[in-house]
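Structural overview for review
So you can see what is in the structure, the chains are spelled out below.
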Amino acid sequence: MGIQPTELSENDVDQTDELPVKSAVAGRSPTQIALARLRADKIAIACFVVVVLFVVIAVFAPLLTKLFGVELNAGDPVTQLDSTNFPLYGPPDFGFTWKAPLGIAPNTADDNLAEWFYGARTSLAVATIATVVSTAIGVVVGLLAGFSTGWLDRVINFFIDVFLSLPFILVALALAPIIVSRFSAQPARLEEYQFIALLAVLSLFGWMTLARLVRGEVLSLREREFVQAARVIGVPTRRILFKELLPNLLAPIIVSISLGLPAFVTAEAGLAYLGIGVVGIPSWGQTINKAVNFFDTYPLYLYAPVVGVVLLVMALNLLGDAVRDAFDPKTRR
Amino acid sequence: MRMKKPAVVLSAAALMTLAACGGGSGNSSTSSETKSLGAGGGAGAFKNATAKAPLAVPSDAAKGGTLTVLTNQVPATLDPTRAYFTDSTAIMSDLVTRSLTQYSYNEKTNDMQLIPDMATDLGRPSSDNKAWTFTLRQGLKYEDGTPVKAADVAYAVKRSFAIAELPDGPTYNTTFFLDGDKYKGPFKDKSNYPGVVVKGNDITIKMRRPFTDMDYYASFPQFTAIPQAKDDPQNYESHPLATGPYKFADYKPGSSLTLVKNTSWDPKTDPGRIQAVDGWNFKFGQDTAKLENVIINDNGSAQTTLTYDNVSASSFRQIASDKARLVTGTSPCTYMWFIDMTKVKDIRVRRAIGWAFPYEAYWKGLGEIEGVTRVPGTSILPPGTAGRVQYQALPGQDGKTTDPAKAKALLKQAGYKPGQFEIKFLFASDDAQAVEGKNQIVKGLEAAGFKATPLASTSETIRDQRADAKGPSTVRSSGWCSDWPTGGSWFPAQWAGSLVGLEGMPNPSNFKEADMDADQNRILDTLSPAQAAPAWGQFDRKLETKYYPAVNVGYSGTAMIHGSKVGGMANDNVRGMPTFARMYITK
């Protein structure tokens, strides 16, 4: 049984406030603990720096291209390429030049650096939006399924199973020509809709695992005392879901986000490589697709986007691992 | 003939639907690296009715071995009656199924000439060109040892009328042969077809209108021998009975074809083929980068490997230093931008398109190498065609000059403000190279004061959409290749007014002008072969100078690579394929 406040002497109360020990053992939320662990992790910090660098490149792509004096899709194949369609300046035949720090593309003479900057932008934009949308769907669906009993849970589970059984690549492959033929006559809108379709496909196929994870957590949490107490005193369901349950799910959600981001970066590049991703917008996947034939004669053309994808995905993956370790109370270091 | 079928995603050749055949020579406005392109001369128009069998096996040929052919293409069908693509025709005619006549490579002139094959000569026309008689050689045998009979050739001719059962083949027989418009082939029509008469070893084909080019037409695999008893229209392509030096051992449609020696073939009956290697291994649908890398590195079995795909820009410079392994030449096809006459009625606007088109940028964007895989030109008839006239439809336009100022001036004359006249054209959005080509066209048209609206399509559907007469396209990107090197296989097939409105849009410009139609009928009905050839050349000039219904976007060229031990590989400038019939492995 607790001590009634009235039983405490005034002296005691004053003393507790001044105790030095108290401030040292100040209460820290699990998130704070995790962040502290992350800060101590050198790999995590390095990866974070890399990711931030890519974000800066993506956000300031137009500024950076201007800074380097290059321009997107401004190549003139007739004057800038030789008779075998290779660049007349810069790599692979001539030395480094500030005119085109990463060289220009064979066949089109478009600047590789500008393409790379904007490719980073496409990659990160697609990955971020798809992660946010799929996480939102996953969390809401998972909370609903976990908290509701009976038919709603079963219906939601059925839908999760349906989406898990749809083959992602096949749906993407099937959707691409449909969108092309639907917006065939409006080239400007086509690019827009292809972008939206890509986001939709990635988001629609990215939420199921998180939904299942959240549902499982909610199932175990909803019978806990604090939730039952909240119910007893008549807290509305919405409030229970988002104020009582959601904060306790923060760790799995953050882990899922941090592992989802790199997966979406690769998925975007992969789809673009297959020719069913974004078209008309520069993307690393498309550049790789075009550059594969040149792996022997013009390696830099291929390496630039490959290094971009590898660096970004590796940094995001390692950061994701570190985040998961940091949030996992069972991890001992 | 149709061009080798492009694979679904890759290959810029997807722009082209119909193609092949004809001579090759001529235009030497090319870079110094590609001398062989200018060589040649009389091209396929050259005939040699007295070619002697057997063809000598070259002295540097080793006995045996297997040649491997890697390609990105997948032949549509290998049924002799249906083969109408350059690749299937070359494989069948050169190696497996013999026809009445054949094309054979002439080393001295570096081009193909028409020589007899199963027939003893190139056919004997009647004085009015309405009946052709071919005499079959003695000693011809099928792979199973049974003799080839004249009735079997007659049956193959009848079979080529069965378009419903065996579609996609050439259809000159329906246009020229007796009752060609009525007879539906031996499967539906059991009655005796009066157009082919067999008498001993003589086969006589009767025409319903004068047909002067029958000797060329007789070189198609349609004019092989097929024993009626062994025919099953659905399955014959899985193992067509061989009359040539090689026979089918294993055919997996879409992936591979293995040929082995046909021991029943007698070199003494064949003036155009040798049987130096033991067999052939065709592998279809291969990755371009991979197969080029294999052949260029030339290790082990790659030394006896070749491809009939055009070398990509990335590999061209690697192999250009080793010219002995690069075979270049022409495959007389003309790529064209057909301007829809019903949508662009003003000749000044059509001429403006001719000045606005970014020829060189477009070729580079597609990954074509100018002077090697694309040759600039202005006449519709490609170099090597009999009677061809070299002219400039737009004064000063040499086939690769882009002049936005002239285009703007013409548009202004026609009363259009910059950006007012809209050009709509289709492109395959899933083909990276086609997209680059499209980007260059958009840049060029906009610089010249047009409004460019590219219409997205997919590699799979673009041909059907392009052939849709009701579609929104202002221009249609396509082309044509001659089936034989005279204008007669060009203009009646694409530029006759009677073709407007037909299913599949055979006349892509919707071109219908009374005076040009009258010209065509005059040439077809009244002129002799000797008069017709130059008349077609003049027709070509008049068509482009007076109406400008199509922009010439270049002739196609061929640049194929092979391993260091592949011998006898030259360019078959009738098809743009290797000369399979006389290839061997060197010692």
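Residues numbered from 1 in each chain as written. Chains lettered and ligands numbered in written order. Predicted model: local features only at pLDDT ≥ 70, side-chain atom pairs only at ≥ 80, totals over all residues.

1. Regarding the overall build of chain B
The number of helices and strands found in chain B is 15 helices and 21 strands. With the C-alpha coordinates of chain B rotated into their principal frame, the extents come out at 75 × 55 × 40 Å. Per-residue burial over chain B gives 60% buried out of 587 residues. Looking at chain B alone, contacts between residues at least 24 apart form 74% of all its contacts between residues at least 6 apart. (Helix = DSSP H or I, 4+ residues; strand = E, 2+ residues; numbered from the N terminus. Buried ≥ 20, exposed ≤ 12 C-beta atoms within 10 Å, placed from the backbone. Contact = placed C-beta atoms within 7 Å.)

2. A closer look at the overall build of chain A
Helix and strand counts for chain A stand at 16 helices and zero strands. Computed over the C-alpha atoms, the radius of gyration of chain A is 26 Å, more than 25% above the 20 Å expected from 2.2 N^0.38 for a compact globule of 333 residues. Projecting the C-alpha coordinates of chain A onto the three principal axes gives extents of approximately 95 × 55 × 30 Å. With 333 residues in all, chain A has 38% of them scored as buried. Long-range contacts, defined as pairs at least 24 residues apart, comprise 71% of the intrachain contacts of chain A with a sequence gap of at least 6. (Rg over C-alpha atoms; globule rule 2.2 N^0.38 Å.)

3. Digging into the interface of chain A and chain B
Counting residues at the interface gives 29 residues for chain A, matched by 33 residues for chain B. Sorting the residues of the side of chain A that touches chain B by element identifies helix H6 (77-80), helix H9 (168-182), helix H10 (187-204) and helix H15 (284-291) of chain A as the ones contributing at least two each. Looking at side-chain class alone, the side of chain A that touches chain B contains 14 nonpolar, 13 polar and two charged residues. (Nonpolar A, V, L, I, M, F, W, Y, C, P; charged D, E, K, R; others polar.)

4. Some words on the sheet that holds strand S13 (residues 374-375) of chain B
Residue and element names in this part refer to chain B. On the basis of which strands lie adjacent, the open sheet formed by four strands has the order S13-S17-S12-S16 and antiparallel pairing. Taken across any chain shown, the strands that pair with only one partner, and hence form the sheet edges, are S13 and strand S16 (475-481). The pairing of strand S12 (residues 326-339) with strand S17 (residues 550-561) spans nine bridges and is antiparallel. Residue pairing across strands places Thr-328 opposite Ala-559, the latter belonging to S17. (Pairing = 2+ DSSP bridges.)

5. Points about the environment of Phe-177 of chain B
Along the chain, the position of Phe-177 of chain B falls in the loop between helix H4 (172-176) and strand S6 (196-199). A residue is classified by how many C-beta atoms lie within 10 Å of it, and Phe-177 of chain B, with 25 of them, is buried.

6. Here's the deal with the sheet that holds strand S8 (residues 246-252) of chain B
Residue and element names in this part refer to chain B. Strand order in this open sheet of five strands is S8-S9-S10-S1-S11, and the pairing throughout is mixed. The sheet terminates laterally at S8 and strand S11 (305-306), the two strands that pair on one side only. Note: S8 against strand S9 (residues 256-261), six bridges, orientation antiparallel. Looking across to S9, one finds that Lys-252 is bridged to Ser-256. Contacts from helix H2 (residues 86-96) reach S8, S9 and strand S10 (279-283) within the one sheet, and its direction differs from that of S8 by about 140°. (Axes fitted to C-alpha atoms, helices over the stretch in contact; angles between N-to-C directions.)

7. Observations regarding H10 of chain A
Compared with the 26 Å implied by 1.5 Å per residue over 18 residues, the 25 Å span of H10 of chain A between its first and last C-alpha is a close match. Among all positions of H10 of chain A, only Leu-190, Gln-194, Ala-197, Leu-198, Val-201, Leu-202 and Ser-203 of chain A are buried. On its buried face, H10 of chain A sits against helix H7 (112-147), H9 and helix H14 (250-273) of chain A together with strand S15 (451-457) of chain B. (Expected span 1.5 Å × (residues − 1).)

8. Points about the packing of H7 of chain A against helix H16 (residues 299-327) of chain A
Residue and element names in this part refer to chain A. Packing of H7 against H16 leaves a shortest axis separation of 11 Å and a crossing angle of 25°. One element, H7, and the other, H16, form an angle in the roughly parallel class. Relative to H16, the crossing made by H7 is right-handed. Contacts between H7 and H16 involve Asn-112, Trp-116, Gly-119, Ala-120 and Ser-123 on the former and, on the latter, Tyr-301, Ala-304, Pro-305, Gly-308 and Leu-312. Looking at the contact of H7 with H16 residue by residue, the classes come out as six nonpolar, four polar and no charged. (Parallel < 35°, antiparallel > 145°, perpendicular 65-115°, else oblique. Left-handed = near helix turned anticlockwise from the far one by under 90°.)

9. Description of H15 of chain A
Three or four residues apart is the spacing at which side chains of an α-helix point the same way, because the helix has 3.6 residues per turn. Of all eight residues making up H15 of chain A, seven are buried, and the element is well covered by its neighbours. Along H15 of chain A, the residues that are buried comprise Trp-284, Gly-285, Gln-286, Thr-287, Ile-288, Lys-290 and Ala-291 of chain A. Looking at the buried positions of H15 of chain A, the neighbouring elements they touch are H7, H14 and H16 of chain A together with helix H11 (432-447) of chain B.

10. Some points on the nonpolar core
Core analysis: the biggest nonpolar cluster contains 130 residues, and Phe-117 and Leu-319 of chain A together with Trp-337, Ala-352 and Ala-356 of chain B have the highest contact counts within it. Here this core takes twelve residues from H16 of chain A, the largest share from any one element. Dropping the residues within four chain positions of it, Ala-356 of chain B is found in contact with Pro-404, Ala-407, Gly-444, Leu-445, Ala-448 and Phe-450 of chain B. Phe-85, Ile-115, Leu-136 and Leu-241 of chain B belong to the second largest nonpolar core, which has 95 residues in total. (Core = buried A, V, L, I, M, F, W, Y, C linked by C-beta atoms within 7 Å.)

11. Concerning the pairing of S9 of chain B
All names here are of chain B. Once S8 ends, the chain turns through three residues before running back antiparallel as S9, passing Gly-254 with a positive phi of about 90°. Pairing analysis gives five bridges linking S9 to S10, with the strands arranged antiparallel. Bridge assignment links Thr-258 to a residue of S10, and that residue is Asn-281.

12. A look at the packing of H9 of chain A against H10 of chain A
Think of two packed helices as two axes; the pair is described by the angle between the axes and how far apart they sit. Residue and element names in this part refer to chain A. Contact geometry for H9 and H10: axes closest at 10 Å, N-to-C directions at 160°. Overall, the two elements H9 and H10 adopt an arrangement that is roughly antiparallel. Between H9 and H10 lies a crossing whose hand is right-handed. Along the contact surface, H9 presents Val-171, Ala-172, Leu-175, Ile-179 and Val-180, while H10 presents Leu-190, Tyr-193, Gln-194, Ala-197 and Val-201. Grouping the constituent residues of the contact of H9 with H10 by class yields nine nonpolar, one polar and no charged.

13. Brief notes about the confidence of the model for chain A
Summing up the model confidence of chain A, the mean pLDDT is 86 and the portion of residues at 70 or higher is 92%. The secondary-structure element of chain A with the lowest mean pLDDT is helix H1 (residues 10-18) of chain A, recorded at 49, while helix H4 (residues 42-59) of chain A shows the highest, at 95. (pLDDT = per-residue confidence, 0-100.)

14. Let's talk about the pairing of strand S3 (residues 111-116) of chain B
All names here are of chain B. Within S3, six of the six residues are buried, which leaves the element mostly enclosed by the surrounding structure. Two strands pair when backbone bridges link them, and strand S2 (residues 101-106) and S3 are joined in this way by six bridges, in the antiparallel orientation. By the bridge assignment, Thr-101 is partnered in S3 with Pro-116.

15. Quick notes on the confidence of the model for chain B
All names here are of chain B. When pLDDT is averaged along chain B, the result is 87; 92% of the residues meet or exceed 70. Note that residues 5-44 has pLDDT below 50 and, in this model, 153 contacts with residues that lie over four places away or in other chains. The complex prediction reports pTM at 0.81, with the ipTM value standing at 0.79.

16. Structural notes on unusual backbone geometry
When glycine is set aside, most residues are seen to have a negative phi, and most peptide bonds are trans. Going from Pro-91 of chain A to Pro-92 of chain A, the amide bond is cis rather than trans, its omega being 5°. Take Pro-92 of chain A: it is sitting in the loop between H6 and H7. Ala-53 of chain B connects to Pro-54 of chain B through a cis peptide bond whose omega is -5°. If you trace the backbone, Pro-54 of chain B turns up in the loop between helix H1 (35-38) and strand S1 (66-70).

17. Concerning the environment of Ile-339 of chain B
Residue and element names in this part refer to chain B. Here Ile-339 lies in strand S12. On a C-alpha basis, the gap between Ile-339 and Asp-215 in space is 34 Å, while along the polypeptide they are 124 residues apart. Not counting residues within four places of it along the chain, the set of residues in contact with Ile-339 comprises Val-344, Arg-350, Ile-353, Val-475, Ser-509, Pro-549 and Ala-550.

18. Description of the environment of Leu-241 of chain B
All names here are of chain B. Along the chain, Leu-241 turns up in the loop between helix H5 (214-217) and S8. For the pair Leu-241 and Tyr-155, spaced 86 residues apart in the sequence, the C-alpha separation amounts to 14 Å. Each residue touching Leu-241, except ones within four places of it in the same chain, is listed here: Tyr-142, Glu-143, Ile-226, Pro-227 and Lys-230.

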